Amino acid sequence: MIALVHQAAEEQNPLVPPIPELVIGLVAFAIVFFFLWKKLIPNINKVLEQRREAIEGGIEQAEAAQEEAAEVLKQYKDQLAEARHEAARLRSEAQEQGATLIAEMRAEGQRQREEIIAAGHAQIAADRKQAAQALRQDVGKLATDLAGKLVGESLDDHARQSRTIDRFLDELEEKAEAAR
């Protein structure tokens, strides 16, 4: 029998395992496969599902944050445009107020200038009248003295002097106006 076993051992292929080892290996593989199938694969799938949900949630949060950032940017641009319009409006109002103020100042300057000119004309007229009065008196006195020297007698009568002087000056004024 030993010879028979020995002969069977020699005839057996080294690549083909013995049947009892093959059965034990299959049973052990089935146990490991069953354990992996029932315990390990569901846990792995559960962890993978949680990671997928976390990644999708992060993407959704990133998209929401991006939409919110776009909304904030739009609001900022709207506020900036509104501020620019307000600044342009204020600038135009200031220019209008400046133009109005300049026009008022010009009108006030013109009014003051006209007042000064009117006062100057009145002063000139008063000075001219006063000078004419003084000149009449001086011319009258000189004319009276000269007439007295020519006639040889004194013209002390004041009423006569005044009439003579007035007549003389009136004639001079008429000749001056006619020459113009």
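Residues numbered from 1 in each chain as written. Predicted model: local features only at pLDDT ≥ 70, side-chain atom pairs only at ≥ 80, totals over all residues. Heavy atoms only, no water.

Student: Could you clarify how one ought to interpret the UniProt feature "transmembrane region" (unreviewed entry) in the protein chain in this entry?
Tutor: Mapped onto this numbering, the UniProt entry gives "transmembrane region" (unreviewed entry) at residues 19-37. This span, residues 19-37, is 100% helix and 0% strand, and a straight line between its end C-alpha atoms measures 26 Å. (UniProt positions renumbered as here; feature names shortened; annotations may be inferred. Helix = DSSP H or I, 4+ residues; strand = E, 2+ residues; numbered from the N terminus.)

Student: Help me understand the confidence of the model for the protein chain in this model?
Tutor: Reading fine detail from the predicted coordinates is not recommended where pLDDT is low. Residues of the protein chain with pLDDT of at least 70 account for 85%, and the chain-wide mean is 83. Per-element mean pLDDT across the protein chain ranges from 55 in helix α1 (residues 2-11) up to 88 in helix α2 (residues 19-151). (pLDDT = per-residue confidence, 0-100.)

Student: What am I meant to see in a nonpolar patch on the surface here?
Tutor: A cluster of nonpolar side chains, namely Phe 29, Val 32, Phe 33, Phe 35, Leu 36, Trp 37, Leu 40, Ile 41, Ile 44 and Leu 48, defines an oily patch on the protein surface of about 980 Å² accessible area. Structurally, Leu 40 can be placed in helix α2. (Patch = residues over 30% accessible without salt bridge, like charges linked within 9 Å, V, L, I, M, F, W, Y side chains within 5 Å. Areas by Shrake-Rupley, 256 points an atom, 1.4 Å probe, with all protein chains shown as cover. Salt bridge = Lys/Arg side-chain N within 4 Å of Asp/Glu carboxyl O.)

Student: Would you explain the pattern of salt bridges in this entry?
Tutor: As a working rule, side chains carrying opposite charge can pair if their charged atoms are close by. On inspection of all chains with the given rule, the structure shows seven salt bridges. The closest approach of N and O atoms between Asp 78 and Lys 74, which form a salt bridge, is 3.5 Å. You can see Asp 78 and its partner Lys 74 sitting in helix α2, four residues apart, about one turn around the helix. Among the charged side chains, a network of salt bridges with common partners joins Glu 49, Arg 52 and Glu 56.

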